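# Working through the structure, step by step
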Amino acid sequence: MQMFKLLLASSLLLASFLTFSNSEIVQGPFEIRQDAKVYLQKENDDDYPLALYFLKDNKSTKIDTYETEGGEPSVETVFFMTVHNKTNVIVLISWAQLHRAENINGKSFKVYGYIYENNNLTVNNEINSDPNLSGAEGDFGGERLFFKYQNAGNIKKYILSKY
């Protein structure tokens, strides 16, 4: 019985190690303010393989997840800017799109915004629901599409002019 308990404990320890060892930080941590950071981390979830975390006082909180849409989500850029006198974290995510049967070869993009306020990070619904901040670039069903907000400079310019 003692040997069984030892084997069971070892198996559980190994399983938990393998579960957490597959998570890796892909961007960051980026300091918002002293003792407040954000980072993006791979997750062990085929449907939502990427997540944004807020780290404060050595405690991490998952703020958002990014789902698989054709391809896995990829971080294009992360930056900070002020919107309505509040610090915002802006994240540009892309997904590779390749469907030969439908003549699709390109990338889709979406800009996400998060407000840092009162030592907390929350979703900026205004930015996240802006239809101009998502789009595609490449060949999609015989049509050539272009997305102009693929870098921090263009995204900042648009947000500052609109909000």
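Now for a description of the structure that goes with this document. Just so you know, these numbers come straight off a predicted model, no measurement behind them.

The rules behind these values
Residues numbered from 1 in each chain as written. Predicted model: local features only at pLDDT ≥ 70, side-chain atom pairs only at ≥ 80, totals over all residues. Heavy atoms only, no water. Patch = residues over 30% accessible without salt bridge, like charges linked within 9 Å, V, L, I, M, F, W, Y side chains within 5 Å. Areas by Shrake-Rupley, 256 points an atom, 1.4 Å probe, with all protein chains shown as cover. Salt bridge = Lys/Arg side-chain N within 4 Å of Asp/Glu carboxyl O. Lys, Arg positive; Asp, Glu negative; His and termini not counted. Charge placed at Lys NZ, Arg CZ, Asp CG, Glu CD. Helix = DSSP H or I, 4+ residues; strand = E, 2+ residues; numbered from the N terminus. Buried < 20%, exposed > 50% of the residue type's maximum accessible area, 1.4 Å probe, protein only. Core = buried A, V, L, I, M, F, W, Y, C linked by side-chain atoms within 4.5 Å. Contact = heavy atoms within 4.5 Å.

A separate point is a negative patch on the surface. Together, Asp45, Asp46, Asp47, Glu67, Glu69 and Glu72 make up a region of like negative charge exposed at the surface. Here Glu67 shows up in the loop between β4 (59-66) and β5 (73-83). Glu67 sits in the partly exposed class, given a relative accessible area of 34%.

This part is about the nonpolar core. The tendency in soluble globular proteins is for nonpolar side chains to be buried side by side. Among the nonpolar cores identified, the biggest contains 19 residues, and Tyr66, Val91, Tyr114 and Leu121 are the most heavily contacted of them. Among the secondary structure elements, those contributing two or more residues to this core are β2 (36-42), β3 (50-56), β4, β5, β6 (86-99) and β7 (104-117). When residues of this core are assigned to their parent elements, the largest contribution, four residues, is made by β6. Not counting the four nearest positions on each side in its chain, Val91 is found in contact with Leu40, Tyr66, Thr77, Val78, Lys110, Val111, Tyr112 and Tyr114. By size, the runner-up hydrophobic cluster in this structure holds 15 residues, among which are Ile127, Tyr149, Ile155 and Ile159.

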